[in-house]
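An overview of the molecular structure
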Amino acid sequence: MNNLNYILPEIFISLSIMFLLILGVFKKKSSNLVHYFSIGFLLITGILIFNNSLDLNITLFRGSYIIDSLSSYMKILTILGGAIVLSISRKYLKLFKIFLIEYPILILCSILGMMVMISSNDLIVFYVGLELQSLALYVLASFNRDQLKSSESGLKYFVLSALSSGLLLYGCSLIYGFSGSTNFNLISQSINSDNHFLTFGIVFILVGLAFKISAVPFHMWAPDVYEGSPTSVTLFFAIVPKVAALTIFIRFLYVPFINVIDQWQTIIVFLSIASMIFGAVAAIGQKNLKRLIAYSSIGHIGYSLAGLAPGTNDGIQSSIVYISIYIVMNFGLFSCLLMMKRNDKYFETIDDLSGLSKHHPVLSLSMLIILFSLAGIPPLAGFFAKFYIFKSVIEESMYFLAIVGLLSTVIAAFYYLKIIKVIYFDEEKEKYDTDHSLWLKISLTSSTLLILLYFIFPSKLVEIVSRINII
Amino acid sequence: MLAHAIFFYTFSFIAIVSAVMVTVSKNTVHSVFFLILDFISISCLFIMIGAEFLGMIMLIVYVGAVAVLFLFVVMMLNVSQQKNQWFISTESSKHIPVGLIVSVIIFFELIVVIGGWKYKPNLVSAMSLNFDNDISNTHSIGYVLYTDYIHIFQLSGMILLVAMVGAIVLTFKQRSGIKRQFYFDQISRERKDSVEIVNVENNKGVKLDD
């Protein structure tokens, strides 16, 4: 019974999913209520996780489920992300007439899946969590089914993701075959680098994971899915699943396969370099902001993978800091995107931004700060995020990775600066609506302030993250 | 040991060949036939290593439900006819020879498995896998399914719930202007609710509410 206390957050969130389903079905016109309730339940789940104390390190269910500082931190990030997504997307959903009870319920389901993924210490638990998460995401991608693009993106995501799940499972079965266990700790005891077939298993698993995190060369789905899905869902895609996928990357590489680091290190370096370069170069020609964000997120994933390459605790911590700051920046950027609305129509191309500064000085200023931060210009938060990554990479004298990272930062700065140029120096267009919801304003202001003022207390976040020790 | 190897290689060979045939055959119906053959061979492999429960579940779920459903869908969609027009023949009787071959192989496999049933203990003991012969398959799955793997079991339930919700979200359409029946209201209607007697004046007419 005592063990159930540790998985109380998961139990609570699954019960609240069922409660909300019943509430939504039996009470007419309850979308508003279900929406508020689900935000409240998410926050309560966050508190429950916090309550469990962050310094625990225990395994449950015969070692297949782990609660430690990494899982607690990442779960809190996931839940906060989900709650903010729900609170700022209300107006958008209402406008597109997709303000249904199923939307928050599916988001809760995928968050439950991510929590299981984050805490998994076993191949089966990991796969079940992954499947729960992605099944809800497929439906969310095609949520606006009256629109052709949304259905297309859902179908694309489903087909490609199912393929990658197949590869992942094949890898899992190879690992199981060669190590005789599905538990991560037992796998790490029974493998050694002499076994070359094991490398096949690692490669297959990494391919599947790289697909989920949209690292190059398994990124093809990302731009289409990001563009086609409703913007509020794109926001969810760009932020929350990345946290879970990065956690499982860390766990996979550093728990079962830590003894064979020379086998996977080159793969991670390649994934990271390819994502950084591709994310920077391919975004240059984009006209649609959502596509551009997709490419930029590919690039950012490249940087956070670079932190995993050195195989040190510092590297893991820098990559967790990176993903935390990335979340804040993306919330700001998407809040701007959700504010580009005129006469109940949303705009999402770069041309629509031209001359934004004339009518909306505050919005343009915060967009300027966010874009500078994404480009990594000091003293904004994005600079520090990249700084930690490069520091941990250079400490292990992986100079090539660091140099490529720096160069691709320069290339990526070009398209961020191009948007700023369009905002500030191009000829003005019609005014956008200003009747934004309070939550959207709070989200934009707080993320801008966090980015702007991060340099005053840079050690706070690092201090929290430094409690996460995997190795 | 030798008999074990022969059984294993026979079934695996059939399984691999039919898996390849699923992907290379140009006719979709044939693909489904080979899929069924593949599933049956794999379930024979399971039965051979002493996992009868898994083998039977494989047969019931995959062959009995999924593959037959597949076959129905493929036949309903009429893909094969289209394909036939693109390729060589136009008759649908092309399915018969392939179906015959597949069913003959399935028959052969069943004979091997049922015929080898008598020697199963010898086969199982010849393997390197070691397990308790006193507990039956179903028992041993039951022992762990609701104890060590309870969380996975419950999560699978959640996945099915999400699948159901997703299917409803993507297909359910609320149509307007539908005349629904409300039995209680209909039965409890009284005369005074629906009929009103009015004195109609000449050349004025009656004003109706709706």
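Scope of this entry: the structure provided in the associated data block.

Looking at the overall build of chain A
Along the backbone of chain A there are 21 helices and 4 strands. Computed over the C-alpha atoms, the radius of gyration of chain A is 21 Å, within 12% of the 23 Å expected from 2.2 N^0.38 for a compact globule of 471 residues. With respect to the three principal axes, the spread of C-alpha positions in chain A is 65 × 60 × 40 Å. Restricting the contact set of chain A to residue pairs at least 6 apart, pairs at least 24 apart contribute 78%.

Some remarks on the overall build of chain B
Summing up its helical and strand segments, chain B has 10 helices and 0 strands in all. When its helices and strands are written in sequence order, chain B yields α-α-α-α-α-α-α-α-α-α. By the burial criterion, 19% of the 210 residues in chain B qualify as buried. The long-range share in chain B, meaning contacts at least 24 apart out of those at least 6 apart in sequence, stands at 65%.

Digging into the interface of chain A and chain B
Counting residues at the interface gives 21 residues for chain A, matched by 13 residues for chain B. Taken together, the elements giving at least two residues each to the side of chain A that touches chain B come down to helix H6 (102-119) and helix H7 (123-141) of chain A. By residue class, the composition of the side of chain A that touches chain B is 15 nonpolar, 2 polar and 4 charged.

Points about the environment of B:Leu208
Residue and element names in this part refer to chain B. Its place among the elements puts Leu208 in the segment after helix H10 (191-194). Of the residues examined, Leu208 has 5 C-beta atoms within 10 Å and is grouped as exposed. For the pair Leu208 and Phe7, spaced 201 residues apart in sequence, the C-alpha to C-alpha distance is 85 Å.

Quick look at the nonpolar core
A:Cys109, A:Leu112, A:Leu132 and A:Phe249 are the most contacted members of the largest nonpolar core, which totals 166 residues. Sequence-distant contacts of A:Phe249, that is, excluding residues within four places in its chain, are made with A:Leu209, A:Ile213 and A:Leu308. Within the second largest apolar cluster, 22 residues are counted, among which are B:Phe11, B:Val32, B:Ala51 and B:Met58.

With respect to helix H4 (residues 69-88) of chain A
Across its 20 residues, H4(A) extends 29 Å between first and last C-alpha, which sits within 8% of the 28 Å expected from 1.5 Å per residue. Within H4(A), 16 of the 20 residues are buried, which leaves the element mostly enclosed by the surrounding structure.

Description of the pairing of strand S1 (residues 57-60) of chain A
Successive side chains on a regular strand alternate, one facing one side of the sheet and the next facing the other. Residue and element names in this part refer to chain A. Two strands pair when backbone bridges link them, and S1 and strand S2 (residues 65-68) are joined in this way by 4 bridges, in the antiparallel orientation. Note that in S2 the partner of Thr59 across the bridge is Ile66. Between S1 and S2, which pair antiparallel one after the other, the connecting turn spans 4 residues, and Phe61 there sits at a positive phi close to 50°.

With respect to unusual backbone geometry
Residue and element names in this part refer to chain A. Residue Pro217 is bonded to the preceding Val216 through a cis peptide linkage, with omega at 5°. Checked against the element boundaries, Pro217 lands in the loop between helix H10 (196-213) and helix H11 (221-228). Across the junction of Pro378 and Pro379, the peptide omega takes the value 5°, indicating a cis bond. You can see Pro379 is positioned in the loop between helix H17 (361-375) and helix H18 (381-395). One non-glycine residue, Ser214, lies in the positive phi region at around 55°. In this structure, Ser214 sits in the loop between H10 and H11. Residue classification places Ser214 among the buried positions, given that 26 C-beta atoms sit within 10 Å. Located in the positive-phi region is Asp344, a residue other than glycine, with phi close to 60°. The topology assignment puts Asp344 in the loop between strand S3 (341-342) and strand S4 (345-346).

Brief notes about helix H15 (residues 313-339) of chain A
With 27 residues, H15(A) ought to run about 39 Å at 1.5 Å a step, and its terminal C-alpha atoms sit 40 Å apart, in line with that. Most of H15(A) is tucked away: 24 of the 27 residues are buried.

A look at the packing of helix H1 (residues 2-24) of chain B against helix H2 (residues 28-48) of chain B
All names here are of chain B. Interaxial distance between H1 and H2 falls to 8 Å at its minimum, and their mutual angle equals 155°. Relative to H2, the element H1 lies roughly antiparallel. Helix-helix and strand crossings are classified by hand; for H1 and H2 the assignment is left-handed. Between H1 and H2, the residues in contact are Phe7, Phe8, Phe11, Ser12, Ile14, Ala15, Ser18, Ala19, Met21 and Val22 and Ser31, Phe34, Leu35, Leu37, Asp38, Ser41, Ile42, Cys44, Leu45 and Met48, respectively. Of the residues assigned to the contact of H1 with H2, the class counts are 15 nonpolar, 4 polar and 1 charged.

Calculation rules
- Every chain is numbered independently, its residues counted from 1 as its sequence is written.
- All chains are assigned letters beginning with A, and all ligands numbers beginning with 1, in the order in which they are written.
- Side-chain atom pairs in this predicted model are given and counted only at pLDDT of 80 or more, local residue features only at pLDDT of at least 70, and totals for whole chains, interfaces and linings cover all residues.
- Working definition: helices are DSSP H or I runs of at least four residues, strands are E runs of at least two. Numbering for both runs from the N terminus.
- Our radius of gyration is a C-alpha quantity, and the globule rule it is checked against amounts to 2.2 Å times the number of residues to the power 0.38.
- We call two residues in contact when their backbone-placed C-beta atoms lie within 7 Å.
- Put plainly, a residue is buried at 20 or more neighbouring C-beta atoms within 10 Å of its own, exposed at 12 or fewer, and partly exposed in between, counting only other residues' C-beta atoms, which are placed from the backbone.
- Only Asp, Glu, Lys and Arg are considered charged, only Ala, Val, Leu, Ile, Met, Phe, Trp, Tyr, Cys and Pro nonpolar, and every remaining residue, Gly among them, polar.
- Take the buried Ala, Val, Leu, Ile, Met, Phe, Trp, Tyr and Cys residues, join any whose C-beta atoms are within 7 Å, and the set you get is a nonpolar core.
- Expected span, for any helix, means 1.5 Å times one less than how many residues it has.
- The pairing criterion is simple: DSSP has to find at least two bridges between the two strands.
- The axes used here are C-alpha line fits, helices contributing only the stretch in contact, and every angle between their N-to-C directions lies in the interval 0 to 180 degrees.
- Orientation labels follow simple angle bins: below 35 degrees gives roughly parallel, above 145 gives roughly antiparallel, 65 to 115 gives roughly perpendicular, and whatever is left gives oblique.
- In a left-handed crossing the near helix is turned counterclockwise from the far helix by less than a right angle, and in a right-handed crossing that turn is clockwise.

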